[in-house]
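This is what each chain is made of:
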Amino acid sequence: MSARLELLTCPGCAAPVPLGAGPTVACPSCAASVAIPEAYVRLAEATLRADQARRAAEPVWRALGGPPPAWARNLAMALVVLLPPLASVLVALLVTPALGAAEICAVATLPAVVPGAALWLWAASVGASVEGVRAALAAAPPARAGGPATCRHCGAPLQLSAGALSVTCSYCQADNLAIKAARAEATQASSRLGAALHSLADGSARLRMRRVMLGLGALALCGLFGGAAVLVLKAVRSLHG
Ligand SMILES: [Zn+2]
Ligand SMILES: [Zn+2]
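The rules behind the values
- Residues numbered from 1 in each chain as written.
- Chains lettered and ligands numbered in written order.
- Predicted model: local features only at pLDDT ≥ 70, side-chain atom pairs only at ≥ 80, totals over all residues.
- Heavy atoms only, no water.
- Helix = DSSP H or I, 4+ residues; strand = E, 2+ residues; numbered from the N terminus.
- Rg over C-alpha atoms; globule rule 2.2 N^0.38 Å.
- Buried < 20%, exposed > 50% of the residue type's maximum accessible area, 1.4 Å probe, protein only.
- Contact = heavy atoms within 4.5 Å.
- Areas by Shrake-Rupley, 256 points an atom, 1.4 Å probe, with all protein chains shown as cover.
- Lys, Arg positive; Asp, Glu negative; His and termini not counted.
- Charge placed at Lys NZ, Arg CZ, Asp CG, Glu CD.
- Donors = N, O, S within 2.8 Å, 3.2 Å for Na, K, Ca; no water.
- Tetrahedral: all angles 85-135°; square planar, octahedral: opposite > 155°, others 65-115°.
- Core = buried A, V, L, I, M, F, W, Y, C linked by side-chain atoms within 4.5 Å.
- Salt bridge = Lys/Arg side-chain N within 4 Å of Asp/Glu carboxyl O.
- 1 Å grid on protein atoms, 1.4 Å probe; cavity = no way out; pocket = protein on both sides within 12 Å on 5 of 7 lines; lining within 4 Å.
- Points joined across faces, edges and corners; volume = space filled by probe spheres on them.
- Nonpolar A, V, L, I, M, F, W, Y, C, P; charged D, E, K, R; others polar.

**Q** Mind laying out the overall build of the protein chain, listing which residues take part and the relevant values?
**A** Within the protein chain, the regular secondary structure consists of six helices and four strands. Beginning at the N terminus, the succession of helices and strands in the protein chain can be written as β-β-α-α-α-α-β-β-α-α. Taken against the 2.2 N^0.38 rule, which gives 18 Å for 241 residues, the C-alpha radius of gyration of the protein chain at 27 Å runs more than 25% over that of a compact globule. Principal-axis analysis of the C-alpha atoms places the extent of the protein chain at approximately 90 × 30 × 30 Å. The buried share among the 241 residues of the protein chain stands at 37%. Pairs at least 24 residues apart make up 63% of the contacts formed inside the protein chain by residues separated by at least 6 positions. Summing over all exposed atoms, the protein chain offers an accessible surface of approximately 13,100 Å²; the carbon and sulfur share of this is 66%. Charge-centre separation for the protein chain: the mean point of 19 positive side chains lies 7 Å from the mean point of 10 negative side chains.

See below:
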């Protein structure tokens, strides 16, 4: 799209109207039939292509745009509860029978808390990222009570079909999530992020990247504490040896 077109308004009631695929569209305010000029029809064709891309991107969004998997928190909880005593007993029995309680705590009990804590942190951070991206992509509330939700990017009215997950703006082709306006209260941070994320696919890509980066961070944390525990264990053994 080269030049931004002004919002097309209803000649009857002056409410802005969404652009449909056909030559006319029903006004969302007074239901009058509004003729769509040629330039807007071309815009609608561009929207149709963006709309197809959005539909193709929806399955990936469904996988990434929800809360982090429940198994992650359950596994984190199980690891925090089970790993420390298990590691303590193993080290006490198998590795160096001569260790005192404080030494076992330093080389086994405390480091064994880290994997569960890191996984918990990962799940919580992924959850926060999802909330941030959802708020950034959420459609803006209606311009007036009872009207259609508006585009988060350009403010044009959106044509949301019932039960739809998302909709592509017929004016600027930005993808908007169909979630409750109350959740979508635009903060400065979410509108900054929203400006960087034009499509649903952009949102999914960001969330996938966040998952990977946070996962690497969690692994690094485990490696750091694991390595430190091994070093301390070696030092303690040489003291006893
Ligand atoms: Zn009207
Ligand atoms: Zn728009």
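**Q** Describe the coordination of the zinc ion (ligand 1), naming the residues involved and giving the relevant values.
**A** Donor atoms from the polypeptide that coordinate the zinc ion (ligand 1) comprise C10 (SG), C13 (SG), C27 (SG) and C30 (SG), at 2.2 to 2.3 Å from the metal. Around the zinc ion (ligand 1) sit four donor atoms, and with donor-metal-donor angles ranging over 103 to 117 degrees the site reads as tetrahedral. Read N to C, the donor residues that coordinate the zinc ion (ligand 1) are spaced as C-x2-C-x13-C-x2-C. Look at C30 and you get partly exposed, because its relative accessible area is 38%.

**Q** So what about the nonpolar core? Which residues, and what values?
**A** Core analysis: the largest hydrophobic core is formed by 21 residues, its most contacted members being L8, V17, L19, V34, C169 and Y171. In this structure, V17 is in contact with L8, T9, C10, V25, C27, P28, V34, P157 and Y171, ignoring residues within four places of it in sequence. Listed in part, the 20 residues of the second largest apolar core include A57, A72, A123 and L197.

**Q** Describe the environment of I179, with residues and values.
**A** Looking at the element boundaries, I179 is found in the loop between β4 (175-177) and α5 (188-196). For the pair I179 and C151, spaced 28 residues apart in sequence, the C-alpha separation works out to 12 Å. Once residues within four sequence positions are removed from consideration, I179 is found in contact with R134 and A138.

**Q** Describe the coordination of the zinc ion (ligand 2), with residues and values.
**A** Six octahedral donors around a metal ideally sit at 90 or 180 degrees from one another, while four tetrahedral donors ideally sit at 109.5 degrees. Listed as protein donors to the zinc ion (ligand 2) are C151 (SG), C154 (SG), C169 (SG) and C172 (SG); their distances from the metal cover 2.2 to 2.3 Å. Around the zinc ion (ligand 2), the four donor atoms sit at angles spanning 103 to 115 degrees, and that spread fits a shape best called tetrahedral. Taken in chain order, the donor set of the zinc ion (ligand 2) reads C-x2-C-x14-C-x2-C. Separated by 18 residues along the polypeptide, C151 in the loop between α4 (114-137) and β3 (166-168) and C169 in the loop between β3 and β4 bring together distant segments of the chain. For C151, a relative accessible area of 3% gives the class buried. What makes C169 buried here is its relative accessible area of 0%.

**Q** Tell me about the pattern of salt bridges, residues and numbers included.
**A** When their charged atoms lie close together, side chains carrying opposite charge are able to pair. Applying the stated rule across the entire model yields five salt bridges. Among the salt bridges present, the one from E38 reaches R42, with a minimum N-O distance of 3.5 Å. Here the residue E38 and the residue R42 both occupy positions in helix α1 (residues 38-64), the gap between them amounting to four residues, near one helical turn. Here the residues in one salt-bridge network are D51, R54, R55, E58 and R62, joined through shared partners.

**Q** How would you summarise the layout of surface pockets if you had to cite specific residues and measurements?
**A** There is about 410 Å³ of room inside the largest pocket. Together, 25 residues line the largest pocket, and D51, R54, R55, Q159 and V167 are the ones closest to its centre. Of all the elements in the fold, those that place two or more residues in the lining of the largest pocket are α1 and β3. Per-element accounting of the lining of the largest pocket gives the leading share, eight residues, to α1. When grouped by side-chain class, the residues that make up the lining of the largest pocket number twelve nonpolar, eight polar and five charged.

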